[in-house]
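Secondary and tertiary structure notes
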Amino acid sequence: MGNVLPIPGPALRDDGGAGAITDAGGLHLHQLRLHAEYGGVVRFQLPGVGVAVSVADPLVLEQTAHIDERPASLFAFLEPLCEAGNLQVIGAEEHGPWRRVLLEVLAGRPSHKRHFGEFVSLVEGLAERWGGAGGDAVLLQKDLTALSLRMICAYALGGAGGGVVDAEKVVDAFEVVLSEDGGTTRASLALDYLRSTVDRVIAAREEGGRRADRSDLISALLAAGTSPARIRDTAMVTMLAAHHTTGVAVSWTLHLLGRHPEAAERVAAELDRVLGERSAPDYGDLRELTYLEMVLKESMRLYPPGPYGAREATEDMVLDGADGTYEIPAGTTIFYPFWAVHMNPDHWPEPARFVPERFTPEAVAQRSRFAYVPFGLGPRSCEGAGLAMVEAQLTLAVLLKRFRFRPVAGHEVTPVERFVLWAADDIPMVVTPRAVGD
Ligand code: HEM
């Protein structure tokens, strides 16, 4: 450990930091600038919090990875979605057992296999529609986030198969809840509808007996003795966490492939080799699609769908980083700028370049595990990571087997932050059919 240094950062301003964020063009760009200027650990003003410490140095991330607490004020906006306590900030003793049930289902092969066929039908439905676009551009982000909402609805609530859920109505209600301020009558009716839908699914599962079915989220939560209110909250939070993130992961990947035709050709050749004449992969095929997986990972490095995380230090800490040693007191808000972590030039040479080969097993083995954190880290990391990878790989495989994607000339794609890393005016692309070997 070296001498303890003061944490560097810009001079404090009277406006609580809002002006600097606006000047930079958003918090995501502000973080990139701060870390480029001051290094891996930076002190900055975060509106609503005061002074926070932002960490883009993987060495330091690792030392904070065990922290099991989030700053409540930053996540208060999610309270209206939860009846039984805000799931983002509940204490570790409640969160741990809940996380274990979620992981057992979401990260397990039985649930992926069970829902795979339904996922394929949903993606093929979209592909049919795109196939009929007749040379007009399609809007990737709009259509792919709608697709992933349908997928997570099918996954979390059992989809159309169970007969209890009207998938289209659930999707519409969820969009109303997300797009309107929670105070409107329309939004509260939509929320009531969603909660009563989850109750109907719970009742149907209870009729079937409380079996611990690890392929079905609601059965597994019931079998673990979770209260109906907590199950309703889990369904809401899961749908919220799952749909924009997975949708933008796929649309950013197609955006990058559209600008890197040589990588797109390699993906197409891999799909032809693994799938032959088939239009969609089986679950078992995904592990053969190794180049596609590298492309997806590199895309989530360059455009991490969830660009931030946060923790609250539960004890006084001494953090030993690449640029120096720093002390932070208990109670400090630690900010994780995942985008800036992924652009850290000490760990990513020429960080702005799209290079899928950064994710060969050999390259991965040589890097700190904490240099790449699209799903966060530690005991509050994303429980849906495994499921998200299955959904994204499957979607990309079906679409890239069937189509070539060409950017629309003159359309500028601008990343903005809207809870997820979003393209400001969508990503329009022209799709044209391709045949095997084409
Ligand atoms: C590409 C898609 C996705 C990305 C990039 C992503 C990313 C993230 C990130 C960065 C976090 C915060 C982690 C942290 O604070 O360390 C998170 C949390 C979470 N995600 Fe995801 N996510 C994705 C898809 C999903 C899916 C499909 C689900 C569920 C089916 C899901 C469920 C959750 C939940 C429940 C949390 C809260 C974790 C907790 O507090 O225990 N996510 N996700």
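An account of the accompanying structure is given in this report. (Residues numbered from 1 in each chain as written. Predicted model: local features only at pLDDT ≥ 70, side-chain atom pairs only at ≥ 80, totals over all residues. Heavy atoms only, no water.)

Glancing now at the sheet that holds strand S2 (residues 50-55). Ordered by their spatial adjacency, four strands build an open sheet running S1-S2-S7-S4, and the pairing between neighbours is mixed. The open sheet is flanked by strand S1 (41-46) and strand S4 (308-312), the only strands paired with a single partner. Neighbour to neighbour, the strand axes of the sheet diverge by 35° on average, direction disregarded. As defined by bridge partners, S4 adjoins strand S7 (residues 333-337) across five bridges and the pair is classed as antiparallel. Bridging from a neighbouring strand, Ala310 pairs with Phe335 of S7. This element, helix H2 (residues 27-38), spans S1, S2, S4 and S7 of the sheet and lies at about 145° to S1. (Pairing = 2+ DSSP bridges. Helix = DSSP H or I, 4+ residues; strand = E, 2+ residues; numbered from the N terminus. Axes fitted to C-alpha atoms, helices over the stretch in contact; angles between N-to-C directions. Contact = heavy atoms within 4.5 Å.)

So, about helix H13 (residues 290-302). Two residues of an α-helix separated by three or four positions point the same way, owing to the 3.6 residues in each turn. When the terminal C-alpha atoms of H13 are compared, their 19 Å separation across 13 residues agrees well with the 18 Å that a helix rising 1.5 Å per residue should span. With ten of 13 residues buried, H13 is to be regarded as a mostly interior element. Those residues of H13 that sit buried are Tyr291, Leu292, Met294, Val295, Leu296, Glu298, Ser299, Met300, Arg301 and Leu302. Among the structural elements, helix H11 (228-259), helix H12 (261-275), helix H14 (338-342) and helix H16 (385-402) are those in contact with the buried residues of H13. (Expected span 1.5 Å × (residues − 1). Buried < 20%, exposed > 50% of the residue type's maximum accessible area, 1.4 Å probe, protein only.)

This brings us to the coordination of the iron atom of the ligand. Exactly one protein atom donates to the iron atom of the ligand; that atom is Cys382 (SG), 2.3 Å from the metal. Structurally, the position occupied by Cys382 is in the loop between helix H15 (361-365) and H16. (Donors = N, O, S within 2.8 Å, 3.2 Å for Na, K, Ca; no water.)

Here we come to the pattern of salt bridges. Here the structure, examined in full by the defined rule, presents 24 salt bridges. Where Arg278 meets Asp282, a salt bridge forms, and the shortest distance between an N and an O atom there is 3.3 Å. Three or more residues are tied together by salt bridges with common partners; here these are Glu83, Arg195, Asp199 and Arg232. (Salt bridge = Lys/Arg side-chain N within 4 Å of Asp/Glu carboxyl O.)

Tracing the chain through its elements places Ala20 in helix H1 (residues 18-24). The exposure class of Ala20 is buried, given its relative accessible area of 16%. As a C-alpha pair, Ala20 and Pro10 span ten residues in sequence and 9.7 Å in three-dimensional space. What Ala20 contacts, discounting residues up to four positions off in sequence, is Arg13, Asp15 and His30.

Further remarks concern helix H9 (residues 185-207). Across its 23 residues, H9 extends 33 Å between first and last C-alpha, which sits within 8% of the 33 Å expected from 1.5 Å per residue. For H9, the set of buried residues is Ala187, Ala190, Leu191, Tyr193, Leu194, Arg195, Thr197, Val198, Val201, Ile202 and Arg205. Against helix H7 (140-157), helix H8 (167-179), helix H10 (217-223) and H11 lie the buried residues of H9. Just downstream of H9 lies Gly209, where phi reads positive at about 90°.

Once that is clear, we can look at the side chain of Asp233. With respect to the helices, strands and loops of the structure, Asp233 is situated in helix H11. For the buried Asp233, which has no salt bridge, the nearest side chain bearing the opposite charge is Arg195, at an N-O separation of 4.6 Å. Engagement of the side chain of Asp233 in a polar contact is seen with the backbone nitrogen of Glu83, the distance being 2.8 Å. Not counting residues within four places of it along the chain, the set of residues in contact with Asp233 comprises Leu81, Cys82, Glu83, Ala84, Gly85 and Leu87. (Lys, Arg positive; Asp, Glu negative; His and termini not counted. Polar contact = N/O pair within 3.5 Å; in protein donor to acceptor, adjacent residues only side chain to side chain.)

In this approach, a probe sized like a water molecule rolls over the atoms, and the result shows the empty space that is left. Within this model, the second largest pocket holds a volume of roughly 390 Å³. Taken together, 17 residues form the lining of the second largest pocket, with Arg369, Tyr372, Val373, Pro374 and Gly376 sitting closest to its centre. Where the lining of the second largest pocket is concerned, the elements lending two or more residues are H13 and H16. Class assignment of the residues belonging to the lining of the second largest pocket gives a composition of eleven nonpolar, three polar and three charged. (1 Å grid on protein atoms, 1.4 Å probe; cavity = no way out; pocket = protein on both sides within 12 Å on 5 of 7 lines; lining within 4 Å. Points joined across faces, edges and corners; volume = space filled by probe spheres on them. Nonpolar A, V, L, I, M, F, W, Y, C, P; charged D, E, K, R; others polar.)

Here the focus is the nonpolar core. Of all hydrophobic cores here, the largest spans 106 residues; its most connected members are Trp130, Leu157 and Phe405. Looking at which element gives the most residues to this core, the answer is H11, with 13 residues. Once residues lying within four places of it in the same chain are set aside, the contact partners of Phe405 are Trp130, Leu140, Leu254, Gly258, Leu399, Leu400, Met429, Val430 and Val431. (Core = buried A, V, L, I, M, F, W, Y, C linked by side-chain atoms within 4.5 Å.)

Within the structure, the ligand sits among 26 residues, and Arg70, His95, Arg311, Cys382 and Glu383 are positioned closest to it. Within the contact set of the ligand, an oxygen atom lies 2.8 Å away from a side-chain nitrogen or oxygen of Arg70. Within the side chain of His95, a nitrogen or oxygen atom sits 2.6 Å from an oxygen atom of the ligand. Within the residue set of the shell around the ligand, elements represented by two or more residues are helix H5 (92-106), H11 and H16. (Near = heavy atom within 4 Å.)

Here the focus is the environment of Ala269. With respect to the helices, strands and loops of the structure, Ala269 is situated in helix H12. Distance from Ala269 to Glu293, taken between C-alpha atoms, is 14 Å for residues 24 residues apart in sequence.

Looking now at the sheet that holds strand S8 (residues 403-407). The strand order across the open sheet formed by three strands is S3-S11-S8, and the pairing between neighbours is antiparallel. The strands lining the two open edges of the sheet, one partner per strand, are strand S3 (137-139) and S8. Going from strand to strand, the sheet's axes swing by 45° on average, the running direction of each strand aside. With five bridges connecting them, S8 and strand S11 (residues 428-433) associate as antiparallel partners. Each bridged residue has a counterpart across the sheet, and for Arg404 the counterpart in S11 is Thr432. Each of S3, S8 and S11 touches H7; the most contacted strand, S3, lies at about 45° to it.

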